[in-house]
Amino acid sequence: MAHGNEAAGHGNHDGPPKGLVRWLTTTNHKDIGTMYLVFSLAMFLIGGLMALAIRAELFQPGLQFVNPSFFNQLTTVHALVMVFGAVMPATVGLANWMIPLQIGAADMALPRMNLFSFWLLFFAFMLLISTFFVPGGAPAAGWTLYPPLVLQTGTAFPMAIFAIHMMGASSIMGAINVIVTIVNMRAPGMTLLKMPLFSWSWLITAYLLIAVMPVFAGGVTMLLTDYYFQTSFFNAAGGGDPVLFQHVFWFFGHPEVYIMILPAFGIISEIIPTFSRKPIFGYEAMVYAIASIAFLSFIVWAHHMFTVGMPLAGQLFFTLSTMLIAVPTGVKVFNWTTTMWRGSLSFEPPMLFALAFLFLFTIGGFSGLMLAIAPADFQYHDTYFVVAHFHYVLVPGAVFGIMAAVYYWLPKWTGHMYDMTLAKWHFWLTAIFVNVLFFPQHFLGLAGMQRRIPDYPTQFTDWNMVSSIGGFGFGLSQLLFVWVIIRCVKGGQRATAGVWDWPHGLEWTVPSPAPYHTFEKAPELH
Amino acid sequence: MEAPRRKSNRGLVARLVLMTAGSFAFGFALVPLYDVFCEVTGIGTRAELSRAATADASAPDVNRTVVVEFTASVPDNGSWEFAPVVASMEVHPGRLYEAHYTAHNLADRETTGQAVPSITPLRAARYFRKTECFCFTPQKFARDEQRELLVRFTVDRDLPPGIDRLTLSYAFYDVAHVAGGAG
Amino acid sequence: MSIVKRNSKLPAVAGALAALTTLPAHADWSLLNMPKGVSELSRGNYDMHMIMLWICFAIAVVTFGAMIFAMIRFRKSRGAVADTKLLHNARLEAAWTLVPTVILIAMAIPSVEKLIKIEDMSGSELTVKITGYQWYWQYEYLGKQVSFYSRLARTSDLARQRGSGIDPNTVENYLLEVDKPLVVPTGTKIRLLLTANDVIHAWWVPDFGMKRDAIPGFMNEMWISVDADKPGTYRGKCAELCGADHGFMPIVVVAKPKPEFEAWLAQQQVTE
Ligand code: HEM
Ligand SMILES: [Cu+2]
Ligand SMILES: [Cu+2]
């Protein structure tokens with residue numbers, strides 16, 4: 001996704017240094033954005049390989065390829081890589097690239113911290129992935145890291161905790177940067193309620209990050225002291241309680257899922273108007289909806305823990321609060337639909353991904369509602385039904401949002417149009433296979449297949465086969481994505497400044513590719 | 001970047017860093033908050049369960065009978081035989097009772113055990129009062145020693161009507177594994 | 001990858017066909033939904049599931065219908081012109097905030113009664129203490145001097161080894177068979193006390209409608225009751241990740257009519 005060497009030629013002064021030095025020393029928001037995006041794509045492919053290993057093992061009953069403990073390492077690291085290495089950095093990359101362009105700022109407010117947080121993230125993941133090669137292998141207790149199981153991790157334990165601390169610090173720095181940029185660097189006249197929804201969604205996401213990443217850091221620190229210093233935060237023998245960790249984790253974990261989805265909400269809110277050729281419906285409601293989702297996300301966490309044995313009042317409270325969080329989510333879906341109403345719709349690749357998001361994310365929202373009902377959750381919990389739910393909200397939700405964003409802004413980044421036909425192929429293959437992959441998992445879960453198992457009773461074979469075929473189809477389709485991007489970086493039809501038919505917003509007023517330095521003089525707004 | 005903006009950046013960054021520190025502290029504050037939560041909801045905190053309570057001296061409610069069951073577990077790290085002497089007893093709320101467990105040290109050295117109590121149902125915990133319990137203090141055992149351990153308890157007369165059966169469980173841990181105790 | 005020029009619908013059709021052909025011809029359609037199960041609790045939870053499913057389905061028809069309508073009706077290729085004045089509609093927006101709020105709260109209401117029942121442990125006639133170990137279960141009939149371990153059956157254990165050369169399809173109840181099942185009386189409210197020895201496990205038999213975590217150092221509880229007219233063998237598995245062999249610690253419960261159960265119990269007491 002690098003915007004190529006010719007970008008230097010377009011900038012009127014101060015082009016970037018050449019070669020590797022540029023990427024090691026740059027403090028330019030576009031360069032850093034590019035690095036985040038490339039990193040995220042690499043992590044998406046690495047995490048995807050792990051997923052394919054998982055799906056290959058689950059293709060048939062019996063153990064064919066991996067041992068159970070390695071299987072658990074795969075599921076654990078797959079999730080950590082996808083959540084913290086693919087989805088979150090992709091949204092950070094988009095924030096870096098687009099927020100300054102959307103609000104008319106010359107750069108991010110804290111450029112050196114920006115570079116530092118990228119490299120911190122990079123080393124965090126090198127460390128995490130290297131745990132596969134230490135005695136005892138990678139962490140295998142699931143991305144949720146529940147004690148006491150996680151305390152059975154070998155050499156990888158301190159490495160994984162340290163990696164989590166680093167990526168936590170990295171995302172907090174990213175968040176601080178976004179907030180300072182948005183609060184202090186908006187062009188004159190760019191009031192908060194004129195700000196594009198992508199920037200809005202990131203502002204709120206950034207506050208969520210600051211509120212919950214440190215809680216997670218605290219939680220894993222307590223794990224660390226339980227492991228090394230004989231504290232008993234989570235050890236019943238010493239008066240602690242393993243369930244406490246689950247509360248700490250999900251106090252972070254539920255807002256975390258919104259950290260992944262809110263930027264996608266922002267992206268969808270940019271794309272649907274562009275390809276409907278009319279402004280977003282209910283702009284302010286969209287802002288308030290994001291804010292109320294963010295607020296409510298702090299009071300629903302224990303819906304992940306109905307089976308630990310909670311007081312009745314607790315179960316009722318968390319059922320109700322979780323149902324409520326669906327209200328602002330619904331408002332967003334209705335507003336997107338109404339944005340299309342009496343529009344003039346065309347179906348370029350970004351719009352295709354946005355529409356798929358609209359349908360498939362909503363399916364994930366429905367299964368979320370079902371899971372929120374405590375008595376039903378006693379059956380669903382820890383089955384493939386949950387796996388289906390969170391993959392629907394994360395893959396055709398967050399990931400489709402990111403892909404839509406890439407197809408939306410790629411011409412702005414590279415200065416070239418990409419191959420629309422290939423991109424549409426990518427879309428259709430991805431959108432079909434994602435359903436082949438995840439829809440049957442609802443059936444598997446309802447029929448009683450629990451999650452995080454390398455082998456299963458034979459009656460689950462058929463749907464697992466379908467799911468695995470979908471998985472491989474989905475995985476292979478992503479090679480097409482990489483190919484489309486590479487070709488677009490290398491060349492292609494020149495993109496205009498506006499790129500699309502109905503461009504709106506400051507990012508479309510600068511040339512394509514966006515020059516190395518933009519808005520050094522604040523733009524005029526009317 | 002102009003100076004005033006840089007200054008206001010610095011102020012904002014400082015505030016955000018402070019917020020971050022606050023969130024980190026909040027993570028740890030969840031530990032005591034969790035106990036508060038458990039207390040409010042009547043689950044009872046670990047500390048509370050392991051502390052002596054006073055029995056109310058007023059008359060027992062002889063019209064009501066509740067079954068109290070006793071169970072014992074020896075998790076992973078201990079090597080004891082540990083079991084209740086009687087499996088269950090019928091009690092009247094408000095009256096003081098006595099129950100015994102036996103423990104036998106199977107390790108070929110002196111060891112110290114700590115019993116961690118648990119009451120089921122959760123919501124009955126606050127109505128189960130132990131005036132005396134071997135779980136209040138660590139229990140030292142000589143090599144191969146076997147002895148009876150005592151618990152004196154009363155079930156509060158306010159025990160909600162829906163509860164007809166309580167279980168008192170102990171997990172008996174080897175203290176060597178219990179060092180520290182921040183929780 | 002061949003490139004289809006101009007016609008962007010072709011890949012969709014081709015993909016859909018590909019997806020359809022992957023559907024297993026002999027799929028067992030009863031494996032699509034949650035089992036109703038054999039107890040009052042499981043039927044209650046099943047009902048909650050179905051209520052939610054149908055409500056979600058109804059909402060889906062409306063919202064997806066509107067989306068599809070918009071996608072067809074307001075296409076630029078059909079000459080649709082954007083109405084750029086359609087920006088707000090306070091009444092509409094209030095409606096689709098309030099109506100879902102009411103629906104969603106209403107959806108939560110029937111679960112109150114179910115939860116109260118689930119949490120009501122009174123009237124139980126038998127208490128079984130269940131302890132999870134890495135990776136097997138222990139069952140202890142409280143006050144009956146009967147206690148035993150229950151592990152994955154040898155047939156499954158052999159077949160599940162990597163490179164065993166045994167086809168799991170030839171093993172009866174693959175991964176759902178144990179050496180010694182839990183035996184319970186039908187038509188009886190049975191209290192289960194749950195704890196674990198090492199890490200967290202969860203005890204789940206789908207036909208009983210409940211799962212609950214078994215947490216080391218704690219005692220959790222739940223109750224089950226098998227319909228008096230449904231003796232039989234019911235199977236489940238550990239449902240909380242508990243380490244390498246998490247997938248290999250099944251649960252088998254044999255529900256017998258009371259007299260048969262009493263006989264079984266008496267026999268166990270003799271052999272212990
Ligand atoms: C309408 C909104 C949503 C509702 C009502 C909802 C509800 C739930 C519930 C109740 C669970 C727990 C299920 C269980 O473990 O038994 C769950 C799990 C999960 N949800 Fe959602 N959810 C919603 C949206 C989202 C979104 C937007 C994301 C992420 C983008 C997400 C990601 C997840 C993940 C990752 C898990 C599983 C975590 C784990 O156990 O590993 N959810 N959801
Ligand atoms: Cu959640
Ligand atoms: Cu287990």
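Criteria and thresholds
- Along each chain, residue indices are assigned from 1 in the same order as the chain's sequence is written.
- Written order decides the labels, with chains lettered from A and ligands numbered from 1.
- pLDDT decides what is reported in this predicted model: residues at 70 or higher carry local features, side-chain atom pairs at 80 or more are listed and counted, and totals for whole chains, interfaces and linings draw on all residues regardless.
- Each side-chain value is worked out from all heavy atoms of the structure, with water and hydrogens disregarded.
- Only DSSP runs of H or I covering at least 4 residues are called helices, and only runs of E covering at least 2 are called strands; the numbering of each starts at the N terminus.
- Atoms counted for the radius of gyration: C-alpha only. Globule rule: 2.2 Å times residue count to the power 0.38.
- Categorising residues by exposure relies on relative accessible area from a 1.4 Å probe, with only protein chains included: less than 20% of the type maximum marks a residue as buried, more than 50% marks it as exposed, and the intermediate range marks it as partly exposed.
- By the convention used here, residues are in contact when the closest approach between their heavy atoms is within 4.5 Å.
- Note on areas: Shrake-Rupley with a 1.4 Å probe; residue coverage comes only from the protein chains shown.
- With water excluded from the atoms, a metal site may look incomplete; its donors are any N, O or S atoms within 2.8 Å, or within 3.2 Å for Na, K and Ca.
- Only buried residues count toward a nonpolar core, which is a set of Ala, Val, Leu, Ile, Met, Phe, Trp, Tyr and Cys residues joined through side-chain atoms within 4.5 Å.
- Any residue with a heavy atom positioned within 4 Å of a molecule or strand is treated as near that molecule or strand.
- Polar contact criterion, stated in full: a pair of N or O atoms within 3.5 Å, where within protein one must be able to donate a hydrogen and the other to accept it, and residues adjacent in sequence count only if both atoms are side-chain atoms.
- Nonpolar residues are Ala, Val, Leu, Ile, Met, Phe, Trp, Tyr, Cys and Pro. Charged residues are Asp, Glu, Lys and Arg, and all others, Gly as well, are polar.
- The term buried area means the drop in 1.4 Å probe accessible area that two parts suffer when joined, counted for both and summed.
- For this analysis, a salt bridge means a side-chain nitrogen from Lys or Arg found within 4 Å of a carboxyl oxygen belonging to Asp or Glu.
- Only Phe, Tyr and Trp rings take part, Trp by its six-membered ring, and two of them pair if their centres are within 6.5 Å. Stacked means planes under 30 degrees apart, edge-to-face means over 60, and tilted covers everything else.
- Counted as over-ring charges are cases with an Arg CZ or a Lys NZ within 6 Å of the ring centre that also lie within 35 degrees of the ring normal.
- Only when DSSP finds a minimum of two bridges between them are two strands counted as paired.
- Just to be clear on the cut-offs, tetrahedral is four donors with all angles between 85 and 135 degrees, square planar is four donors and octahedral six with opposite donors over 155 degrees apart and all others between 65 and 115, and anything else goes down as irregular.
- Across the chain, bend at a residue is computed as the angle between axes fitted to the seven residues ending at that point and the seven starting from it.
- For helices, the fitted line uses only the C-alpha atoms of the stretch in contact; every axis is such a line through C-alpha atoms, and the angle between N-to-C directions lies from 0 to 180 degrees.
- Segmentation into domains, and thus their bounds, comes from an automatic or database assignment.

Asker: Requested: an account of the overall build of chain A, with residues and values cited.
Answerer: The helix and strand inventory of chain A stands at 15 helices and 0 strands. Computed over its C-alpha atoms, the radius of gyration of chain A comes to 23 Å, within 12% of the 24 Å expected for a compact globule of 526 residues. Along the first, second and third principal axes, the C-alpha atoms of chain A reach 65 × 50 × 45 Å. In chain A, which comprises 526 residues, the share counted as buried stands at 74%. Within chain A, residue pairs in contact and separated by at least 24 positions form 82% of the contacts whose partners lie at least 6 positions apart. Within the structure as shown, chain A displays about 14100 Å² of accessible surface, and the carbon and sulfur contribution to it stands at 71%.

Asker: An account of the coordination of the copper ion (ligand 2) is requested, with residue identities and associated values reported.
Answerer: Angles at a metal have ideal values that depend on geometry: 109.5 degrees with four tetrahedral donors, 90 or 180 degrees with six octahedral donors. Residue and element names in this part refer to chain A. Protein coordination of the copper ion (ligand 2) is provided by His-254 (ND1), His-303 (NE2) and His-304 (NE2), with donor distances spanning 1.8 to 2.0 Å. Donor residues binding the copper ion (ligand 2) come from one chain and are separated in sequence as H-x48-H-H. The metal-metal distance between the copper ion (ligand 2) and the iron atom of ligand 1 is 4.5 Å. Overall, the relative accessible area of 13% leaves His-303 in the buried class.

Asker: Lay out the nonpolar core with the relevant residues and their values.
Answerer: Of all hydrophobic cores here, the largest spans 281 residues; its most connected members are Phe-84, Phe-125, Trp-336, Met-340 and Trp-409 of chain A together with Tyr-141 and Trp-203 of chain C. If one sorts the elements of this core by residue count, helix 4 (residues 68-103) of chain A sits on top with 21 residues. Setting aside its immediate chain neighbours within four residues, Met-340 of chain A contacts Ile-272, Ser-276, Leu-345, Met-351, Leu-355 and Leu-358 of chain A together with Met-67, Ala-70, Met-71 and Phe-74 of chain C. Grouped together as the second largest cluster of nonpolar side chains are 32 residues, Phe-82, Val-91, Cys-133 and Leu-149 of chain B included.

Asker: Before we move on, could you go through the site of ligand 1 and cite the residues and values that matter?
Answerer: Residue and element names in this part refer to chain A. Around ligand 1 sit 22 residues, and of these Trp-143, Asp-377, His-381, His-389 and Arg-451 come closest. His-389 places a side-chain nitrogen or oxygen 2.8 Å from a nitrogen atom of ligand 1. Within the side chain of Arg-451, one N or O atom sits 2.8 Å away from an oxygen atom of ligand 1. For the shell around ligand 1, the elements supplying multiple residues, two or more each, are helix 8 (242-276), helix 11 (349-372) and helix 13 (384-414). Its residues placed into classes, the shell around ligand 1 shows 13 nonpolar, 7 polar and 2 charged.

Asker: Residue-level account of the interface of chain A and chain C, with values.
Answerer: Contacts between the two partners involve 106 residues from chain A and, on the opposite side, 103 residues from chain C. At the boundary of chain A with chain C, total buried surface from both sides reaches about 9100 Å², with 72% on carbon and sulfur atoms. Taken together, chain A and chain C are joined by 2 salt bridges. Where Arg-342 of chain A meets Asp-83 of chain C, a salt bridge forms, and the shortest distance between an N and an O atom there is 2.8 Å. Linking chain A with chain C are 22 residue pairs in polar contact (both at pLDDT 80 or more), by the criterion used here. Only helix 4, helix 8, helix 9 (283-296), helix 10 (312-340), helix 11, helix 12 (374-380), helix 14 (420-446) and helix 15 (461-490) of chain A provide two or more residues apiece to the side of chain A that touches chain C. Top element by residues in the side of chain A that touches chain C is helix 10 of chain A. It accounts for 16 residues.

Asker: Mind laying out the pattern of salt bridges, listing which residues take part and the relevant values?
Answerer: All chains considered together, the criterion is met by 23 salt bridges over all chains. Measuring nitrogen to oxygen at the nearest pair gives 3.5 Å for the salt bridge that ties Asp-501 of chain A to Lys-76 of chain C. Of the two residues, Asp-501 of chain A sits in the segment after helix 15 while Lys-76 of chain C sits in the loop between helix 2 (40-73) and helix 3 (90-119), which places them in two different chains. Asp-501 of chain A sits in the exposed class, given a relative accessible area of 53%. For Asp-227 of chain C, the salt bridge is made with Arg-43 of chain C, and the minimal N-O distance between the two is 2.7 Å. Separated by 184 residues along the polypeptide, Asp-227 of chain C in the loop between strand 8 (220-224) and strand 9 (232-238) and Arg-43 of chain C in helix 2 bring together distant segments of the chain. Residue classification places Arg-43 of chain C among the partly exposed residues on the basis of a relative accessible area of 30%. Each of the salt bridges in this network shares a partner with another, and the network as a whole consists of Glu-69 and Arg-165 of chain B together with Arg-191 and Glu-221 of chain C.

Asker: Residue-level account of the packing of aromatic side chains, with values.
Answerer: This structure, assessed with the given rule, holds 84 aromatic pairs over all chains. Their ring planes at 80° and their centres at 5.7 Å tell us that Phe-249 of chain A and Phe-252 of chain A sit as a pair that is edge-to-face. Of this pair, Phe-249 of chain A and Phe-252 of chain A both sit in helix 8, separated by 3 residues, roughly a single helical turn. Among the aromatic residues, ring-to-ring pairing joins Phe-84, Trp-143, Phe-216, Phe-233, Phe-234, Phe-245, Phe-249, Trp-250 and Phe-252 of chain A together with Phe-24 and Phe-28 of chain B into one connected group. Lying across the ring of Phe-141 of chain B, Arg-147 of chain B places its NZ or CZ 4.2 Å from the centre. Across from the ring centre of Tyr-136 of chain C, 4.0 Å away, lies the NZ or CZ of Arg-151 of chain C, which sits over that ring.

Asker: Give a description of the pairing of strand 5 (residues 190-196) of chain C that names residues and reports values.
Answerer: Residue and element names in this part refer to chain C. Counting buried residues along strand 5, 7 of its 7 residues qualify, which places the element largely inside the surrounding structure. Where burial is concerned, the two faces of strand 5 agree: the one with Ile-190, Leu-192, Leu-194 and Ala-196 and the one with Arg-191, Leu-193 and Thr-195 are both buried. Across 5 bridges, the pairing between strand 5 and strand 8 is antiparallel. Across the sheet, the residue bridging to Leu-192 is Met-222, located in strand 8.

Asker: I'd love a proper account of the coordination of the copper ion (ligand 3), names of residues and values included.
Answerer: Residues and elements named next belong to chain C. For the copper ion (ligand 3), the protein coordination sphere consists of His-201 (ND1), Cys-238 (SG), Cys-242 (SG) and Met-249 (SD), at 2.1 to 2.5 Å. Each of the 4 donor atoms bound to the copper ion (ligand 3) contributes to angles spanning 96 to 124°, and the resulting shape is tetrahedral. When its relative accessible area of 0% is taken as the criterion, Cys-242 is described as buried.

Asker: Describe in detail helix 13 of chain A, supporting the description with residues and values.
Answerer: All names here are of chain A. The principal kink in helix 13, of about 40°, is found at Tyr-408, preceding the proline Pro-411 by one to four residues. With respect to burial, helix 13 is a largely interior element, 29 of its 31 residues being buried. You can read the cap of helix 13 off the contacts: a side-chain oxygen lies 3.0 Å from the backbone nitrogen of Phe-385, and it is on Thr-383. Looking one or two residues beyond helix 13, the residue adopting positive phi is Gly-415, at roughly 85°.

Asker: An account of the sheet that holds strand 6 (residues 128-133) of chain B is needed here, citing residue identities and associated values.
Answerer: All names here are of chain B. With respect to topology, 4 strands assemble into an open sheet ordered 2-4-8-6, the strand pairing being antiparallel. Looking along the sheet, the strands with just one partner apiece sit at the ends: strand 2 (80-84) and strand 6. On average, each strand axis in the sheet is tilted by 25° relative to the strand beside it, whichever way the strands run. With 5 bridges joining them, strand 2 and strand 4 (residues 96-105) adopt antiparallel strand pairing. Pairing of Ala-83 across the sheet is with Thr-102, part of strand 4.

Asker: Give a detailed account of the domain arrangement of chain C, specifying residues and quantitative values.
Answerer: Residue and element names in this part refer to chain C. Here chain C is described as being made up of domain 1 (1-120) and domain 2 (126-271). With 13 residues of domain 1 at the interface, the matching set in domain 2 holds 13 residues. Between domain 1 and domain 2, the buried area comes to about 1100 Å², and carbon and sulfur atoms account for 52% of it. Our enumeration of links across domain 1 and domain 2 arrives at 2 salt bridges. Taken together, the links from domain 1 to domain 2 amount to 10 residue pairs in polar contact (both at pLDDT 80 or more). Sort the elements by how many residues they give to the side of domain 1 that touches domain 2 and helix 2 lands first, with 5 residues. Classifying every residue of the side of domain 1 that touches domain 2 gives 4 nonpolar, 4 polar and 5 charged.

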